[in-house]
Amino acid sequence: MGSMRIERRNGYRLWVGGPVPKGSDGITLGSLVIVREGCERSSYLLRHEQVHVRQWRRHGPIGFPVRYLGSYLLWRARRKDHRGAYLRIPLEVEADWLARRTLGTAVAPLDAEVPIAR
């Protein structure tokens, strides 16, 4: 592993270069966000993981993992592969949606002013 540094951020701690599951760029455990070396520059990833920090606070140290793993296992039982089950976890759907929305890459709300091309 690289330098493995932990930084205090607004509302969470960021551990760059810490242990991250294979196939992932980051993971959140409570208020600790762990990302692969080089991924700390991804605005999307950091916002996605910050949503998970808020989810951990909302659901607690038992409620978050139970909801997360319970949903994952439900979708695996419904014969979805790992990626299919992961993409259907409501906590992941929320984190993805909010991260994209705050970055301005989501679909604009219906009542938003959209310039008309002339």
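Just so it is clear, the structure is predicted and the values come from calculations on it, not from any experiment.

J.: Describe in detail the layout of surface pockets, supporting the description with residues and values.
T.: The computed volume of the largest pocket comes to approximately 920 Å³. Lining the largest pocket are 30 residues; nearest its centre among them are Ser 24, Gly 26, Tyr 68, Tyr 86 and Glu 92. It is helix H1 (residues 43-77) that provides the largest number of residues to the lining of the largest pocket, a total of eleven residues. Partitioning the lining of the largest pocket into residue classes produces 15 nonpolar, eight polar and seven charged.

J.: If you had to explain the sheet that holds strand E3 (residues 26-29) to someone new, which residues and values would you point to?
T.: The strand order E1-E2-E4-E3 describes an open sheet built from four strands, whose pairing is mixed. Lying at the two open borders of the sheet, with one neighbouring strand each, are strand E1 (5-9) and E3. Mean inter-strand twist for the sheet, computed between neighbouring axes without regard to direction, equals 20°. Relative to strand E4 (residues 32-35), strand E2 (residues 12-16) runs parallel, the two being bridged by four bridges. Following the sheet pairing, Arg 13 is matched in E4 by Leu 32. Of the strands in this sheet, E1, E2, E3 and E4 touch H1, which is tilted by about 20° from E3.

J.: Can you tell me about the packing of H1 against helix H3 (residues 90-103), naming the residues and giving the values?
T.: Between H1 and H3, whose axes approach to 8 Å, the crossing angle comes to 160°. Here H1 is positioned roughly antiparallel relative to H3, judged by the angle of their axes. In this structure, the crossing between H1 and H3 has a hand that is right-handed. Here the contact of H1 with H3 is built from residues that sort into ten nonpolar, seven polar and eight charged.

J.: An account of the environment of Leu 29 is needed here, citing residue identities and associated values.
T.: As for its position among the elements, Leu 29 is in strand E3. Leu 29 gets classed as partly exposed once you look at its relative accessible area, which sits at 47%. C-alpha separation for the pair Leu 29 and Val 53, spaced 24 residues apart in sequence, amounts to 7.6 Å. Not counting residues within four places of it along the chain, the set of residues in contact with Leu 29 comprises Ile 34 and Trp 56.

J.: Quick one: what's the story with H3, residue by residue and with numbers?
T.: If you check H3, its first and last C-alpha atoms are 20 Å apart, about what 14 residues at 1.5 Å a residue would give, namely 20 Å. Taken together, the buried positions of H3 are occupied by Leu 91, Glu 92, Ala 95 and Ala 99. All buried residues of H3 lie within an arc of 100° about the axis, which places them on one face of the element. Considering only its buried residues, H3 is in contact with H1 and helix H2 (82-87). Remark: Gly 104 follows H3 within two positions and exhibits a positive phi of approximately 80°.

Criteria and thresholds
Residues numbered from 1 in each chain as written. Predicted model: local features only at pLDDT ≥ 70, side-chain atom pairs only at ≥ 80, totals over all residues. Heavy atoms only, no water. 1 Å grid on protein atoms, 1.4 Å probe; cavity = no way out; pocket = protein on both sides within 12 Å on 5 of 7 lines; lining within 4 Å. Points joined across faces, edges and corners; volume = space filled by probe spheres on them. Helix = DSSP H or I, 4+ residues; strand = E, 2+ residues; numbered from the N terminus. Nonpolar A, V, L, I, M, F, W, Y, C, P; charged D, E, K, R; others polar. Pairing = 2+ DSSP bridges. Axes fitted to C-alpha atoms, helices over the stretch in contact; angles between N-to-C directions. Contact = heavy atoms within 4.5 Å. Parallel < 35°, antiparallel > 145°, perpendicular 65-115°, else oblique. Left-handed = near helix turned anticlockwise from the far one by under 90°. Buried < 20%, exposed > 50% of the residue type's maximum accessible area, 1.4 Å probe, protein only. Expected span 1.5 Å × (residues − 1). Arc of directions from axis to C-beta.

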